[in-house]
Amino acid sequence: MPYPVEQNEKFAAYAHPERLVSTGWLAAAIESGAVANGELVVVESDEDVLLYETGHIPGAVKIDWHTDLNDDVTRDYVDGAAFAELAASKGISRDSTVVIYGDKSNWWAAYALWVFTLFGHQDVRLLDGGRDKWIAEGRELTREKPAPARGDYPVVERNDAPIRAFKEDVLAHLGKPLIDVRSPEEYTGQRTHMPAYPEEGALRGGHIPTAASIPWARAAAEDGTYRSRAELEALYLGEAGLAEGDDVVAYCRIGERSSHTWFALKYLLGFDSVRNYDGSWTEWGNAVRVPIAKGAERGSVPVAVGS
Amino acid sequence: MTTQALPSALAAIVDDFQAMSEPERLQLLLEFSEGLPELPDRLKDHPELLEQVVECQSPLFLTIETENDGGPAGAVRLFFKAPAEAPTTRGFAGVLHEGLDGLSAEEILSVPDDMPELLGLTRAITPLRMRGMTAMLGRIKRKVAAASGVRS
């Protein structure tokens, strides 16, 4: 049974208001016992694998993007059986309402939500503002780890095609809109990784030709919440030049920051066809004979790619 | 590589980690993150005296000082700064602090570069995150070598 959707003015302007919840709404739901009785499952997903252990929202379970969602042999996400086991072990059933939150303005939470969506999980929502906003508001944290009753989760094979782009898809997509959500320095090719982040070894710096540069954080306000619909439209329809009905691909370095943008385009602005290219720059910047563009200009579609 | 090659404090830490199950190791790492000492005021007020280890996933700054009794045998003091929101990075720093602080340059330089792998955390933490700790150890050794004139 889906849990009731939050109604408020900010969310109502979005294309899919049912995809967001506010910290106040979540606190009230916890207060009402909805998390304790399993009506609502709260999941924390952080960059730092130990952050949940330092204190989390009461009743929240932890899912780690790397150890839980990535396959440890193939560079891919876990398969249907592993996802079913993970979900069930966290108290998640196929019809559960899941609210995900995390650190860094929800990068990893959005990424986890995107992976849940690969498996077609219907009702999965993001906590607007994430962990930082919850803490900034002085809301309760606990170190107590919940022991949820096992969920009932079927083995569902991933359906990647609607929301995930592979390198070949991106090559075929050239000429249609691309959003590069990395920092300006990564976009121009001045550097191949985030400022002050690990060097993940891309051999070329730059961007995919024609991609518009809209760093992910511009979709977020100071408090980590998503910007209003009007502000997002100014950014993506105005500055990036997207038009209603466009088929869009977003990418970053490994696909986590672009999940944040994917969420904004898909659910807040309502683009039907938005895919996240999770291979992102760590793949593109190392791939043989793919075209790249350097500098601040978007560049043009190269002719006869790979022929 | 065995713990016999390690300075005794570091060897004891490695033994503790190795004796544990994986979830317990994570818990121990969390305890190290909480035990990481605060910077002394003279460094707190001078962030430019610390160097960032960019290979770490979260901001981690460190510096070393050699105690002033002269010569390469002087005790090396280690100082780290990492935000509370980065417990894994703080945990690594805590292990290196407890294991190496106060040793001589020679003792620190003798620690094998791949010592972090002995903690048995690679699977639970992932190789990506372990790289940060290896980079931290590497930076400490480079700074100690440069300060002491001992070749690593």
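Note that this is a predicted model, so its numbers are computed, not measured. (Residues numbered from 1 in each chain as written. Chains lettered and ligands numbered in written order. Predicted model: local features only at pLDDT ≥ 70, side-chain atom pairs only at ≥ 80, totals over all residues. Heavy atoms only, no water.)

### Examining the overall build of chain B
Let me state the cut-off plainly: Only DSSP runs of H or I with at least four residues qualify as helices, and only runs of E with at least two residues qualify as strands; both kinds are numbered from the N terminus onward. It only takes one pair of heavy atoms within 4.5 Å for two residues to be counted as in contact.
Scanning chain B from N- to C-terminus turns up seven helices and three strands. If you list the helices and strands of chain B from N to C, you get α-α-α-β-β-β-α-α-α-α. Contacts in chain B between residues at least 24 apart in sequence constitute 64% of all its contacts with a sequence separation of at least 6.

### What about the sheet that holds strand β8 (residues 247-251) of chain A?
Backbone-to-backbone hydrogen bonds pair the strands of a sheet. The strands run either parallel or antiparallel. Residues and elements named next belong to chain A. In plain terms, the rule: Strands are labelled as partners when DSSP assigns at least two bridges between them. Axis lines are fitted to C-alpha atoms, over the contacting stretch for helices. Their N-to-C directions set the angle, which ranges from 0 to 180 degrees.
Here four strands make up an open sheet; going across it, the order is β7-β6-β8-β9 and the pairing parallel. The sheet terminates laterally at β7 (212-213) and β9 (273-277), the two strands that pair on one side only. Relative to β9, β8 is paired through five bridges, and the arrangement is parallel. The partner of Val248 across the bridge, within β9, is Val274. Helix-sheet contacts for helix α9 (residues 257-268) involve β6 (178-180), β8 and β9, and the interaxial angle to β9 is about 180°.

### Some details on the sheet that holds strand β1 (residues 20-21) of chain A
Residues and elements named next belong to chain A. Taking strand neighbours across the sheet as the criterion, the five strands line up as β1-β5-β4-β2-β3 in an open arrangement whose pairing is parallel. One side of each edge strand has no neighbouring strand; the edge strands of this open sheet are β1 and β3 (61-62). On the sheet, helix α4 (residues 107-118) packs against β4 (97-101) and β5 (124-127) and is oriented at approximately 175° with respect to β5.

### Side note on the environment of Lys143 of chain B
Residues and elements named next belong to chain B. To keep things clear, this is the line we draw: Buried residues are those whose accessible area, probed at 1.4 Å on protein chains only, stays under 20% of the maximum for their type, while exposed residues exceed 50% and partly exposed ones sit between those limits.
With respect to the secondary-structure elements, Lys143 resides in helix α7 (residues 127-148). The buried category is assigned to Lys143, whose relative accessible area is 19%. For the pair formed by Lys143 and Thr89, sequence separation is 54 residues and the distance between their alpha carbons is 19 Å. If sequence neighbours within four positions are ignored, Lys143 has contacts with Glu51, Leu62, Thr63 and Ile64.

### Let's talk about the UniProt feature "domain: Rhodanese" (unreviewed entry) in chain A
Applied cut-off: UniProt positions are given in the numbering used here, feature names are shortened, and annotations may be inferred rather than shown by experiment.
The sites that UniProt annotates as "domain: Rhodanese" (unreviewed entry) are residues 36-143 and 178-293 of chain A. As annotated, residues 36-143 of chain A has a helix share of 27% and a strand share of 15%, and its two end C-alpha atoms lie 15 Å apart.

### Re the nonpolar core
Operational definition: Residues grouped as a nonpolar core are buried Ala, Val, Leu, Ile, Met, Phe, Trp, Tyr and Cys residues, joined through side-chain atoms within 4.5 Å.
Grouped together as the largest cluster of nonpolar side chains are 61 residues, with contacts concentrated most on Ile100, Leu126, Ile179, Tyr226, Tyr236, Phe263 and Leu265 of chain A. Listing elements by their share of this core, those giving two or more residues are β2 (40-44), α3 (80-89), β4, α4, β5, α8 (229-239), β8 and α9 of chain A. By residue number, the principal contributor to this core is α4 of chain A, which donates 11 residues. By size, the runner-up hydrophobic cluster in this structure holds 46 residues, among which are Ile13, Leu30, Val76 and Leu78 of chain B.

### Focus: the confidence of the model for chain B
Residues and elements named next belong to chain B. The cut-off we apply is this: Note: pLDDT gives the predictor's confidence per residue, expressed from 0 to 100.
The predicted model of chain B has a mean per-residue pLDDT of 87, with 89% of residues at 70 or higher. Confidence, expressed as mean pLDDT per element, reaches its minimum in chain B at strand β1 (residues 51-52) with 81 and its maximum at helix α1 (residues 8-18) with 96. With pTM at 0.90, the complex prediction returns an ipTM value of 0.83.

### Section: the side chain of Thr261 of chain A
Tracing the chain through its elements places Thr261 of chain A in helix α9. By relative accessible area, Thr261 of chain A is classed as buried at 0%.

### A few points about the packing of α1 of chain B against helix α2 (residues 22-35) of chain B
All names here are of chain B. Heads up, the condition is: Each residue is assigned to one class: nonpolar for Ala, Val, Leu, Ile, Met, Phe, Trp, Tyr, Cys and Pro, charged for Asp, Glu, Lys and Arg, and polar for all the others, Gly among them.
Put simply, α1 and α2 touch, their axes get as near as 9 Å, and they point 145° apart. Where α1 approaches α2, its residues Ile13, Asp16, Phe17 and Gln18 are matched on the opposing element by Arg25, Leu28, Leu29 and Phe32. Classifying every residue of the contact of α1 with α2 by side-chain character gives five nonpolar, one polar and two charged.

### Describing the side chain of Asp160 of chain A
Inspection of the secondary structure assignment puts Asp160 of chain A in the loop between α5 (130-136) and α6 (167-173). Given the relative accessible area of 13%, Asp160 of chain A is considered buried.

### Some words on α9 of chain A
All names here are of chain A. Convention followed: Each residue after the first adds 1.5 Å to the expected span of a helix.
Between the first and last C-alpha of α9 there are 16 Å, a value that for 12 residues agrees with the 16 Å anticipated at 1.5 Å per step. Where burial is concerned, most of α9 is hidden: 12 out of the 12 residues are buried. Buried within α9 we find Arg257, Ser258, Ser259, His260, Thr261, Trp262, Phe263, Ala264, Leu265, Lys266, Tyr267 and Leu268. Phi turns positive, to about 80°, at Gly270, one or two residues after α9.

### Quick notes on the pattern of salt bridges
All names here are of chain A. This is how the line gets drawn: Each salt bridge in this description consists of a side-chain nitrogen of Lys or Arg and a carboxyl oxygen of Asp or Glu lying within 4 Å of one another.
Within the structure shown, the criterion is met by 33 salt bridges over all chains. Residues Asp128 and Lys10 are paired through a salt bridge, measuring 2.6 Å at the closest nitrogen-oxygen approach. Of the two residues, Asp128 sits in the loop between β5 and α5 while Lys10 sits in helix α1 (residues 9-12), which places them 118 residues apart along the sequence. Here Lys10 falls in the partly exposed class, since its relative accessible area comes to 30%. Several salt bridges share partner residues, and in doing so they unite Asp76, Arg158, Asp160, Arg164 and Asp278 into one network.

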